[in-house]
Amino acid sequence: MISVPSKEELMKKLEEKIRKCKKCPLWEVRTNPVPGDGSYDTKIMFVGEAPGYWEDQMGLPFVGKAGKVLDELLKLIGLKRSEVYITNIVKCRPPNNRDPTEEEIKACAPYLDAQIDIIKPKVIVTLGRFSTAYIMKKYGFNVEPISKIHGRVFEARTLFGKIYIVPMYHPAVALYRPQLRRELEEDFKKLKSLLSS
Ligand code: URA
Ligand code: SF4
């Protein structure tokens, strides 16, 4: 009999691959790669940009200041970290938190693609312009500024069925722009209605 590997087995294998990855120059300057964290059985995935200082130290996504904002936003709609899956488009920290380059995104994004294929989420929330641009393009949408499309729900078809993409501001912007924090809160409330519909 052929046994189908579980999501758990597939993800563990993929995470091992990411931990050993040298596909782009960031491997030389990382302390720890950050594959992702949370439930593999979840309906909802959050995709950020790249690990920062604390993420690189701990090997976990969104554990620094931006992570605290994300935790608060999740709490606002009654979700725990352990109920969702959180990852980034680039798995190793760019030096001094600079923007990831096109080459780094191109090298690393296949891991995100694989994570999406394993988890088969119903909703993908993209946090910030890099993950938004990548995911929107991947599913055939025009890439537009986050200021224009944040909080909107885009319906896409995949091999495993219909999914919704919801672009949002990156939680780090809430640290220095209170107005954008309010917009993030509004977008999270919309996400809650989408999840319960
Ligand atoms: N910012 C991100 O985009 N991802 C993290 O994991 C932490 C901060
Ligand atoms: Fe590999 Fe991605 Fe890390 Fe580059 S950022 S070394 S592609 S895991």
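Residue positions are counted from 1 within each chain, in the order its sequence is given. Whichever chain is written first becomes A and whichever ligand is written first becomes 1, with later ones labelled in order. Restriction of local features to residues with pLDDT of at least 70 applies here, the model being predicted, together with a cutoff of 80 or more for giving and counting side-chain atom pairs; totals for whole chains, interfaces and linings are based on all residues. To obtain the side-chain values, all non-hydrogen atoms of the structure were used and water was disregarded.

The chain is annotated in an unreviewed UniProt entry as Type-4 uracil-DNA glycosylase from Pyrococcus horikoshii. UniProt positions are given in the numbering used here, feature names are shortened, and annotations may be inferred rather than shown by experiment. The Sequence similarities (unreviewed entry) comment attached to the chain in UniProt states, word for word, "Belongs to the uracil-DNA glycosylase (UDG) superfamily. Type 4 (UDGa) family." Quoted verbatim from the Catalytic activity (unreviewed entry) field of the UniProt record, the comment on the chain reads "Hydrolyzes single-stranded DNA or mismatched double-stranded DNA and polynucleotides, releasing free uracil."

Chemist: Describe the nonpolar core, listing the residues and the values that go with them.
Modeler: As used here, the term nonpolar core means buried Ala, Val, Leu, Ile, Met, Phe, Trp, Tyr and Cys residues forming a set that is joined through side-chain atoms within 4.5 Å. Under the scheme applied here, a residue whose accessible area is under 20% of the maximum for its type counts as buried, over 50% as exposed, and between as partly exposed, the area being computed with a 1.4 Å probe on protein chains only. The biggest cluster of nonpolar side chains holds 31 residues, and the ones touching the most others in it are Tyr-139 and Ile-165. Think of it this way: any DSSP run of H or I at least four residues long counts as a helix, any run of E at least two long counts as a strand, and we number them from the N terminus. Looking at this core, the elements that each hand over two or more residues are helix 1 (7-20), strand 2 (44-48), helix 4 (102-119), helix 5 (129-138), strand 5 (154-158) and strand 6 (161-168). Here this core gets 8 residues from one element, more than from any other, and that element is helix 4. For this analysis, residues touch if any pair of their heavy atoms sits within 4.5 Å. Sequence-distant contacts of Ile-165, defined by excluding residues within four places in its chain, comprise Ile-124, Thr-126, Ile-135, Met-136, Tyr-139, Phe-141, Arg-152, Val-153, Phe-154 and Ala-156. Counting residues in hydrophobic clusters, the runner-up holds 26 residues, among them Ile-44, Val-166, Tyr-169 and Leu-180.

Chemist: Now, about unusual backbone geometry: what can you tell me, with residues and values included?
Modeler: Look at Asn-96: it is not a glycine, yet its phi comes out positive at around 55 degrees. By secondary structure assignment, the location of Asn-96 is in the loop between strand 3 (85-88) and helix 4. For Asn-96, a relative accessible area of 71% corresponds to the exposed category. One non-glycine residue, Asn-97, adopts positive backbone phi at about 60 degrees.

Chemist: Please give an account of the site of ligand 1 that cites residues and values.
Modeler: We call a residue near a molecule or strand whenever a single non-hydrogen atom of that residue lies within 4 Å of it. Surveying the vicinity of ligand 1 reveals the residues Gly-48, Glu-49, Ala-50, Glu-55, Pro-61, Phe-62, Asn-88 and His-170. Whenever a nitrogen or oxygen atom comes within 3.5 Å of another N or O atom, the pair is scored as a polar contact, on the condition that within protein one atom can donate a hydrogen and the other can accept it, and that pairs from neighbouring residues in sequence are kept only if both atoms are in side chains. In this structure, Phe-62 approaches ligand 1 through a main-chain N or O atom, which is 2.9 Å from an oxygen atom. A distance of 2.8 Å separates a nitrogen atom of ligand 1 from a polar atom in the side chain of Asn-88. Relative to its unbound accessible surface of 240 Å², ligand 1 loses 92% to contact with the protein. Of the pockets mapped on this structure, ligand 1 occupies the largest pocket. Accessibility throughout is a Shrake-Rupley quantity obtained with a 1.4 Å probe, and a residue counts as covered only by protein chains that appear here. The method works on a 1 Å grid over the protein atoms by themselves. A cavity is a set of points holding a 1.4 Å probe that cannot get out, a pocket is an open set with protein on both sides within 12 Å along at least five of seven lines, and residues with an atom within 4 Å of a point line them. Grid points define the cavity or pocket, and a molecule sits in it when more than half of its atoms lie within 2 Å of them.

Chemist: Lay out the site of ligand 2 with the relevant residues and their values.
Modeler: Residues in contact with ligand 2, as listed here, are Cys-21, Lys-23, Cys-24, Trp-27, Arg-30, Val-90, Lys-91, Cys-92, Ala-107, Cys-108 and Tyr-111. The site holding ligand 2 turns out to be the largest cavity. Residues are grouped as follows: nonpolar covers Ala, Val, Leu, Ile, Met, Phe, Trp, Tyr, Cys and Pro; charged covers Asp, Glu, Lys and Arg; every other residue, Gly included, is treated as polar. In terms of residue class, the shell around ligand 2 is made up of 8 nonpolar, no polar and 3 charged.

Chemist: Lay out the environment of Leu-73 with the relevant residues and their values.
Modeler: Note on placement: Leu-73 falls in helix 3 (residues 65-76). Residue Leu-73 is classed as buried on the basis of its relative accessible area, which comes to 1%. The spacing of Leu-73 and Ile-149 is 76 residues in sequence and 19 Å in space, taken between C-alpha atoms. Apart from residues lying up to four places away in sequence, Leu-73 is in contact with Leu-184, Glu-185 and Phe-188.

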